[in-house]
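Letter by letter, the chains look like this.
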Amino acid sequence: MDKKIVYLDHSATTYVKKEVLDDMLPYFTENFGNPSSLYSISRKTKSAIDTSREKVAKALGAKKEEIYFTAGGSEADNWALKGVAFANKNKGNHIITTNIEHPAILNTCKYLEKQGFEVTYLGVNEEGLISLEELKNSIKDTTILISIMLANNEIGTIQPISEIGKIAKESGVIFHTDAVQAVGHVDINVDEMNVDLLSIAAHKFYGPKGIGALYIRKGIKIDNIIHGGGQERKKRAGTENIPAVVGIGRAIELATENMDEKNKEIASKRDRLLNGIVAKIPYTKVNGSLESRLPNNLNVSFHFIEGEGLLLLLDQAGICASTGSACSSGSLDPSHVLLAIGLPHEIAHGSLRLSLGEATTDEEIDYVLDVLPKIVQRLRDMSPLYSKAMGEVK
Ligand SMILES: *Cc1c(COP(=O)(O)O)cnc(C)c1O
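Residues numbered from 1 in each chain as written. Predicted model: local features only at pLDDT ≥ 70, side-chain atom pairs only at ≥ 80, totals over all residues. Heavy atoms only, no water.

*Asks:* Would you mind showing me how to read the packing of helix α3 (residues 73-87) against helix α4 (residues 103-114) here?
*Replies:* Geometry of a packed helix pair, given as the angle between the helix axes and the separation of the axes. Between α3 and α4, the least distance of the axes is 9 Å, while the angle of their chain directions is 30 degrees. For the element pair α3 / α4, the angle class is roughly parallel. Where α3 crosses over α4, the two elements pack in a sense that is right-handed. The residues of α4 that touch α3, namely those facing Ser 74, Asp 77, Asn 78, Leu 81, Lys 82, Ala 85 and Phe 86, are Ala 104, Ile 105, Thr 108, Cys 109, Tyr 111 and Leu 112. (Axes fitted to C-alpha atoms, helices over the stretch in contact; angles between N-to-C directions. Helix = DSSP H or I, 4+ residues; strand = E, 2+ residues; numbered from the N terminus. Parallel < 35°, antiparallel > 145°, perpendicular 65-115°, else oblique. Left-handed = near helix turned anticlockwise from the far one by under 90°. Contact = heavy atoms within 4.5 Å.)

*Asks:* How should I be thinking about the packing of aromatic side chains in this particular structure?
*Replies:* Each aromatic ring pair is specified by the distance between its two centres and by the angle formed by the two planes. If you walk through the whole model with that rule in mind, you get five aromatic pairs. Taken together through their ring pairs, the aromatic side chains of Tyr 283, Phe 304 and Tyr 386 make up a single cluster. Directly above the ring of Tyr 206 sits Lys 17, whose terminal nitrogen or CZ lies 4.7 Å from the centroid. Directly above the ring of Tyr 111 sits Lys 82, whose terminal nitrogen or CZ lies 5.2 Å from the centroid. (Phe/Tyr/Trp six-rings, centres within 6.5 Å; stacked < 30°, edge-to-face > 60°. Lys NZ or Arg CZ within 6 Å of the ring centre and 35° of its normal.)

*Asks:* Where do I start with the site of the ligand in this structure?
*Replies:* Near the ligand, the surroundings consist of 13 residues, among which Gly 73, Ser 74, Asp 178, Gln 181 and Lys 204 are the closest. One nitrogen or oxygen atom from the side chain of Asp 178 is found 2.6 Å from a nitrogen atom belonging to the ligand. Within the side chain of His 203, a nitrogen or oxygen atom sits 3.1 Å from an oxygen atom of the ligand. For the ligand, the protein covers 86% of the area, taking 380 Å² as the surface of the free molecule. Classifying every residue of the shell around the ligand gives three nonpolar, seven polar and three charged. (Near = heavy atom within 4 Å. Polar contact = N/O pair within 3.5 Å; in protein donor to acceptor, adjacent residues only side chain to side chain. Areas by Shrake-Rupley, 256 points an atom, 1.4 Å probe, with all protein chains shown as cover. Nonpolar A, V, L, I, M, F, W, Y, C, P; charged D, E, K, R; others polar.)

*Asks:* Would you mind going over the sheet that holds strand β12 (residues 351-355) with me for this structure?
*Replies:* One key point about sheets: their strands pair by backbone hydrogen bonds, in either a parallel or an antiparallel sense. Strand order in the open sheet formed by three strands is β9-β10-β12, and the pairing between neighbours is antiparallel. Edge positions in the open sheet fall to β9 (284-286) and β12, since each of these has one partner strand only. Ignoring which end each strand starts from, the neighbouring axes of this sheet average 25 degrees apart. Of the pairings in the sheet, the one linking strand β10 (residues 297-302) to β12 comprises five bridges and is antiparallel in character. Residue pairing in the sheet places Leu 298 in a bridge with Leu 354 of β12. (Pairing = 2+ DSSP bridges.)

*Asks:* Which parts of the structure should I look at to understand helix α6 (residues 161-171)?
*Replies:* Count 3.6 residues to each turn of an α-helix, and residues three or four apart come out pointing the same way. What α6 keeps buried is the set Ile 161, Ile 164, Gly 165, Ile 167 and Ala 168. All buried residues of α6 fall inside an arc of 160 degrees around its axis, so they share one side. Facing away from the buried side of α6 by over 90 degrees, the exposed positions are Lys 166, Lys 169 and Glu 170. Contacts made by the buried residues of α6 are with α5 (132-138), β5 (143-147) and β6 (174-178). Trailing α6 by a residue or two, Gly 172 shows a phi angle of about 70 degrees, which is positive. (Buried < 20%, exposed > 50% of the residue type's maximum accessible area, 1.4 Å probe, protein only. Arc of directions from axis to C-beta.)

This is how it looks when you write it as structure tokens:
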């Protein structure tokens, strides 16, 4: 018999909602025409792309002509950074970002540094927030781009995007934000936020994997990174992934429906989980801001234990979660985000991210609150650090 799975890793990816899949299915079979072709069956796919583009634009407060489909969040981030950097290099070579961005931004910046660009990585405070003052002071004559994420994927911190956008606008610098984690949780409006470019990815809001979009404000100078045919108004080549394009449209429509209500519900479950964990498990640290935070994100560190062991035992109990500890990411250092908010290595290694979803139930929260304290205690009982700290002699 299959054991019940408690999925608390929605920041890693989500399932595809039934309504989304239902909309997608006909575009694998009967509606398969290449939208670039001229016969009538292609008109259906062409208009499906159109409709989806409209839905994405509406959810972001953008115009339809400013939405470009990509193969996911990473491509959108790569395109924004490389595209703007190369198209504007006659104006300057300086880029500003933060040290808590997703690898799709950080590793693209590392690449651009090798290509002769200069990158400033702003630090964050212990809540995970940048300083607007420091941002202002980092802008130089040569600054061509600011890229700062809307919401962080590990600790859920939401940056003051409108204020950042205002600073960028006043300085005449192009502003990109990675909003991949924010869709469905934060009210996004590209004009109110003064954003010039914005990345999203469908699989973080109950849509399919391998599809995303980049919002590009009209008039922004940006190079292509995928060269080829004339799709996406000559800006992003390749025959369109129609089922996925249809999927992202429906998914973003659903994600932004009754958003405040859904978020309130998720936040109340998250808070119950948080308070229960803190009450039941001693030597626990809550990571990131409690105020400016995604409603579905919880990130805690348990002293004296390692995240990998914790994930393994949680998995045995049917609970899917994530850690900022090192081995899970295949590197030696723990999460760059947890280090950036000032956690010592050993505390960062004992971190756990639980990210809730729309389908998370109260029963699931109760189950985690029952199982997690026992697992943490079991690991601590095996930890020499713990017995030493407790003054036990072994
Ligand atoms: C998931 C994620 C990405 C990457 O998106 P993919 O669709 O997996 O390429 C980029 N940025 C953030 C903040 C993310 O959470």
